[in-house]
Amino acid sequence: MSEVCLKVNKLKTSFSTPYGKVTAVNGLDLVLHRGEVLGLVGESGCGKSVSALSILGLINSPGVIESGQILFDGKDLLQLNNDELRKIRGKKISMIFQEPTTALNPVYKVGDQIAEAIMLHQKVGYKIALKRTLELLSLVGITSPEIRMKSYPYQLSGGMCQRVMIAMAFSCKPEILIADEPTTALDVTIQAQILSIIQKMKEIDKTAVMLISHDLGIISENADRLMIMYLGKVMETGKVSDIFNNPLHPYTRGLLGSIPKRGTHRKYNKLISIPGTVPSLINMPNGCAINNRCQYAVPGLCNKKEPDLIKYEGTHYVRCWKYQGWDNE
Amino acid sequence: MFDAGSTKDGTMNNTPIISINSLSKNFEVNSSIFIKSKMTVKAIDNLDLNINKGEILGLVGESGCGKSTLGQILLCLEKESSGTVNFHGKNILKLKAKEVRKLRSHMQMIFQDPFASLNPRNTVGTILSEPFRIHNKNLSKKEVDKLVCKLLEQVELSPDYYRRYPHEFSGGQRQRIGIARALALDPEFVVCDEAVSALDVSIQAQILNLLSELQTKHNLTYLFIAHDFNVVQYMSDRIAVMYLGRIVELVPIEKLDKNYMHPYTQGLIFSTPSLQPTNEQKFVIKGEAPSSVNPPSGCHFHPRCKYRMGICDKAVPPMVEVEKGHWIKCFIYK
């Protein structure tokens, strides 16, 4: 594997609420290599977005990063002050958000918003920045970029705004791009276009991409490795081909069984759903986070003690008692 | 009528429960807040469609193609601009408000957002007994309570939830309450408008299984509106693909063949992420769906179509039956 550009150790982020403390990310370990796409999958509330925001130092009160390390470029990002972080954010690590129309500033022209990032981080003048903006906009597939760069966000469609966001994110040739549900708000035909642009831009700059999505289909088609999260913890991680061909964790199997596959029909294939609902983070179950929804759960073990994330083979890791000496059969 | 009685597979009853004839819906919008001139959005453009008894008709398309508007017109929640909708042979669009109310016990809707579609001030019991209070006035309170508990059991919720408020439930449970409410009066026809798209995948599977079981149990007819092609394909007996107010393809599920379909359907299928990545060249549809204020001439899809021919921007292609029950609106198949 190529060089490591980001390493997260035992990250723990929590929020204090009137009902008690909520630990959104609980001991996350993560390694991101140059030029790879790492998929982060999970249902709502599993902590995938909070992980991304923690990496960028965008957790605000009442949220707090309790412990852990985020190592980037030989430095721990959690030890840096705001000024130092600002030099990294948008330049070396950039982010694309879910809702493109609200992520852009409505009162500035989109071209100026991209140019601002370039001027700020590359210390160049307005004219040079605008020239680079023009190149970027045509790279992300915006037709007649000279006209479009003078438009305001409301004049552009959602897909167009997301292209502008991508252009902005890639404006300083970042080492890491965090894409948080970049296509969830878009139609499928536009989604396919946006994902192929992210892939293309990634190839040009050899950027490492962290792709956050709830859609396993998107991850299977776009990522190299993936991490499956549930209630703030990683349940299974490994190469996309390993996990899709040989899903180990009962939760992963449940997720894969829940999705209607192409060419299946309700008359012949019933969906294998996971019973119950995701519990609230305030009332976390004891032991394994999923034991109350898992059909293999062993009373006295799974609801008492939490399993560790252990190696199954190669880069394939799983957090389940089933693979730690105990077998259901 | 181009699809009457076309799905002959023995198991299905082919009498149309709903037949839609040349239905159009235009919305007038102000072109600017300062200028008084109006623009017309053609949400539904001269649409013909039959929905057969006991089938699940999937309606799929991108946002703004008019699929939700169609569902709303069928339930008389929105006024049509022209055309007719016959329910059991009777045009329901010309009914008086009182008659429409009666009709609602036969047709119901399951909405997309389970957080917005339940009144937060009412308990589940009140929400679910309302249909009986309106349509079955002679039932006693006890009888209604019994029916409500039966409904809750039907959607796999505990009858103990009777006194709880919507905010105490998760999204999936709320959607079950929405389904229970829709089924309260034993309707024949249910419009599921993006009924699962707001839910997490594991919950989505539970709701899809539930909808499928209820359909078989009560021989319901669904118009299943969704934007995810894999979900629509999984649920439906027939699929109608809609693009800018027109149905461009109508296909029984067993005749779905990727080499033999409308170019838009093809693009839609290839754009939908799949769990089984293939080595096939991904066919990405270029550009974005144009606005329905000013739709392209001829075939609406021609600016984005890779098979575009000279005639495509001049004339509207007719709906052609390429094989039994499979209709395509494209000049390639003419």
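Residues numbered from 1 in each chain as written. Chains lettered and ligands numbered in written order. Predicted model: local features only at pLDDT ≥ 70, side-chain atom pairs only at ≥ 80, totals over all residues. Heavy atoms only, no water.

Some details on the packing of aromatic side chains
- Per the stated rule, a full pass over the model turns up 7 aromatic pairs over all chains.
- Plain terms: the ring middles of Tyr 243 of chain B and Phe 301 of chain B are 5.2 Å apart, the flat faces sit at 90 degrees to each other, and that makes the pair edge-to-face. One end of the pair, Tyr 243 of chain B, is in strand β9 (residues 238–243); the other, Phe 301 of chain B, is in the loop between α8 (263–271) and β11 (319–323), with 58 residues separating them in the sequence.
- What makes Tyr 243 of chain B buried here is its relative accessible area of 3%.
- Relative to Tyr 333 of chain B, the ring of Tyr 260 of chain B lies with its centre 5.4 Å away and its plane at 85 degrees, an arrangement referred to as edge-to-face. Of this pair, Tyr 260 of chain B sits in the loop between β10 (246–252) and α8 while Tyr 333 of chain B sits in the segment after β12 (326–329); the two residues are 73 residues apart in sequence, bridging distant segments of the chain.
- According to the relative accessible area criterion, Tyr 260 of chain B is partly exposed, its value standing at 32%.
- Members of the aromatic cluster, joined through ring pairs, are Tyr 243, Tyr 264 and Phe 301 of chain B.
- For the cation-ring pair, Lys 322 of chain A lies above Tyr 296 of chain A, with the distance from its terminal atom to the ring centre recorded as 4.5 Å.
- For Lys 25 of chain B, the ring lying beneath its charged end belongs to Phe 27 of chain B, and the centroid distance is 4.8 Å. (Phe/Tyr/Trp six-rings, centres within 6.5 Å; stacked < 30°, edge-to-face > 60°. Helix = DSSP H or I, 4+ residues; strand = E, 2+ residues; numbered from the N terminus. Buried < 20%, exposed > 50% of the residue type's maximum accessible area, 1.4 Å probe, protein only. Lys NZ or Arg CZ within 6 Å of the ring centre and 35° of its normal.)

Some points on helix α1 (residues 67–74) of chain B
All names here are of chain B.
- Counting buried positions along α1 yields 6 of 8 residues, so the element is predominantly enclosed.
- Lys 67, Thr 69, Leu 70, Gly 71, Ile 73 and Leu 74 are the residues of α1 that are buried.
- Two residues or fewer past α1, Cys 76 is found with a positive phi of approximately 60 degrees.

Some thoughts on the sheet that holds β10 of chain B
Residue and element names in this part refer to chain B.
- Reading across the sheet, the 8 strands line up as β6-β7-β8-β3-β9-β10-β12-β11 and stay open at both edges, with mixed pairing between neighbours. Of all the strands in the sheet, the pair left with one neighbour each is β6 (107–110) and β11. Neighbouring strand axes in the sheet, compared pairwise and without regard to direction, differ in orientation by 20 degrees on average.
- The sheet contact formed by β11 and β12 spans 4 bridges and is antiparallel. Each bridged residue has a counterpart across the sheet, and for Val 320 the counterpart in β12 is Ile 328.
- Most of the contacts of α1 go to strand β8 (residues 221–226), to which it runs at about 150 degrees, and overall it touches β3 (56–60), β6, β7 (189–193), β8 and β9.
- Its contacts with the sheet place helix α5 (residues 171–183) against β6 and β7, and it is angled at close to 175 degrees to β6. (Pairing = 2+ DSSP bridges. Axes fitted to C-alpha atoms, helices over the stretch in contact; angles between N-to-C directions. Contact = heavy atoms within 4.5 Å.)

Some points on helix α11 (residues 250–258) of chain A
- Summarising burial for α11 of chain A: 8 of the 9 residues are buried, a large majority.
- Looking at the buried side of α11 of chain A, the elements it contacts are α9 (216–222), β9 (225–230), β10 (233–239) and α10 (240–245) of chain A together with α6 (201–218) of chain B.

Concerning the sheet that holds strand β11 (residues 310–313) of chain A
All names here are of chain A.
- Taken together, the 8 strands give an open sheet; going across it, the order is β6-β7-β8-β3-β9-β10-β12-β11, and neighbouring strands pair in mixed fashion. Looking along the sheet, the strands with just one partner apiece sit at the ends: β6 (93–96) and β11. Strand-to-strand, the axes of this sheet are offset by a mean angle of 20 degrees, without reference to chain direction.
- Sheet topology note: the β10/strand β12 (residues 316–318) ladder contains 2 bridges and is antiparallel. The residue of β12 that forms the bridge with Glu 236 is Val 318.
- Along the sheet, helix α7 (residues 158–169) makes contact with β6 and β7 (176–180), crossing β6 at roughly 175 degrees.
- Strand contacts of α11: β9 and β10, with the helix running at about 100 degrees to β9, the strand carrying the most contacts.

Looking at the pattern of salt bridges
- For the structure on display, the rule yields 29 salt bridges over all chains.
- The partner of Glu 66 of chain A in a salt bridge is Lys 21 of chain A, and the shortest N-O contact between them spans 2.9 Å. Of this pair, Glu 66 of chain A sits in strand β4 (residues 63–72) while Lys 21 of chain A sits in strand β2 (residues 20–33), and the two are 45 residues apart along the sequence.
- For Lys 21 of chain A, a relative accessible area of 47% gives the class partly exposed.
- Among the salt bridges present, the one from Arg 266 of chain A reaches Asp 237 of chain B, with a minimum N-O distance of 3.1 Å. Here Arg 266 of chain A, found in the loop between α11 and β11, pairs with Asp 237 of chain B, found in the loop between α7 (229–235) and β9, and the two come from separate chains.
- Judged by relative accessible area, Arg 266 of chain A falls into the buried class, the value being 11%.
- Overlapping salt bridges, with partners in common, bring together Lys 12, Lys 21 and Glu 66 of chain A in one network. (Salt bridge = Lys/Arg side-chain N within 4 Å of Asp/Glu carboxyl O.)

Looking at the nonpolar core
- Of all hydrophobic cores here, the largest spans 62 residues; its most connected members are Ile 179 and Phe 224 of chain B.
- Setting aside its immediate chain neighbours within four residues, Ile 179 of chain B contacts Ile 110, Val 155, Ile 207, Leu 210, Leu 211 and Leu 214 of chain B.
- Membership of the second largest hydrophobic core comes to 60 residues, among which are Val 164, Met 201, Leu 216 and Ile 274 of chain A. (Core = buried A, V, L, I, M, F, W, Y, C linked by side-chain atoms within 4.5 Å.)

Details of the interface of chain A and chain B
- Contact with chain A, which involves 40 residues of that partner, is made by 40 residues of chain B.
- Of the roughly 3,600 Å² buried between chain A and chain B on both sides combined, carbon and sulfur atoms contribute 52%.
- For the chain A face of the interface with chain B, the top three residues by lost area are Thr 189, Arg 262 and Arg 266 of chain A, together amounting to 23%.
- Linking chain A with chain B are 3 salt bridges, by the criterion used here.
- In this structure, the salt-bridge partner of Asp 237 of chain B is Lys 267 of chain A, at a minimum N-O distance of 3.2 Å.
- At the junction of chain A with chain B, the criterion picks out 26 residue pairs in polar contact (both at pLDDT 80 or more).
- If you list the elements that add at least two residues to the side of chain A that touches chain B, you get α7, α8 (188–205), α9 and α11 of chain A.
- By residue class, the composition of the side of chain A that touches chain B is 14 nonpolar, 16 polar and 10 charged. (Buried area = accessible area lost by both parts, 1.4 Å probe. Polar contact = N/O pair within 3.5 Å; in protein donor to acceptor, adjacent residues only side chain to side chain. Nonpolar A, V, L, I, M, F, W, Y, C, P; charged D, E, K, R; others polar.)

What about empty space enclosed by the protein?
Residue and element names in this part refer to chain A.
- According to the stated counting rule, one finds 5 cavities of 30 Å³ or more in the structure shown.
- Size it by volume and the largest cavity reaches roughly 80 Å³.
- As for the largest cavity, its lining consists of 12 residues, of which Pro 250, Cys 288, Cys 294, Cys 302 and Cys 320 are closest to the centre.
- A breakdown of the residues in the lining of the largest cavity according to their chemical character gives 10 nonpolar, 2 polar and no charged. (1 Å grid on protein atoms, 1.4 Å probe; cavity = no way out; pocket = protein on both sides within 12 Å on 5 of 7 lines; lining within 4 Å. Points joined across faces, edges and corners; volume = space filled by probe spheres on them.)

A short note on a positive patch on the surface
Residues and elements named next belong to chain A.
- On the surface, Lys 75, Lys 87, Lys 91 and Lys 123 cluster together to form a positively charged patch.
- Looking at where Lys 123 falls in the secondary structure, it is placed in the loop between α4 (110–122) and α5 (126–139).
- For Lys 123, a relative accessible area of 69% translates into the label exposed. (Patch = residues over 30% accessible without salt bridge, like charges linked within 9 Å, V, L, I, M, F, W, Y side chains within 5 Å. Areas by Shrake-Rupley, 256 points an atom, 1.4 Å probe, with all protein chains shown as cover. Lys, Arg positive; Asp, Glu negative; His and termini not counted. Charge placed at Lys NZ, Arg CZ, Asp CG, Glu CD.)

Looking at the packing of α7 of chain A against α8 of chain A
Residues and elements named next belong to chain A.
- Packing of α7 against α8 brings their axes to within 10 Å, and their N-to-C directions diverge by 10 degrees. Taken together, α7 and α8 sit at an angle that is classed as roughly parallel. In this structure, α7 contributes Gly 159, Gln 162, Arg 163 and Ile 166 to the contact, and α8 contributes Ile 190, Gln 193, Ile 194, Ile 197, Ile 198 and Met 201.
- Within the contact of α7 with α8, the residues separate by chemical class into 6 nonpolar, 3 polar and 1 charged. (Parallel < 35°, antiparallel > 145°, perpendicular 65-115°, else oblique.)

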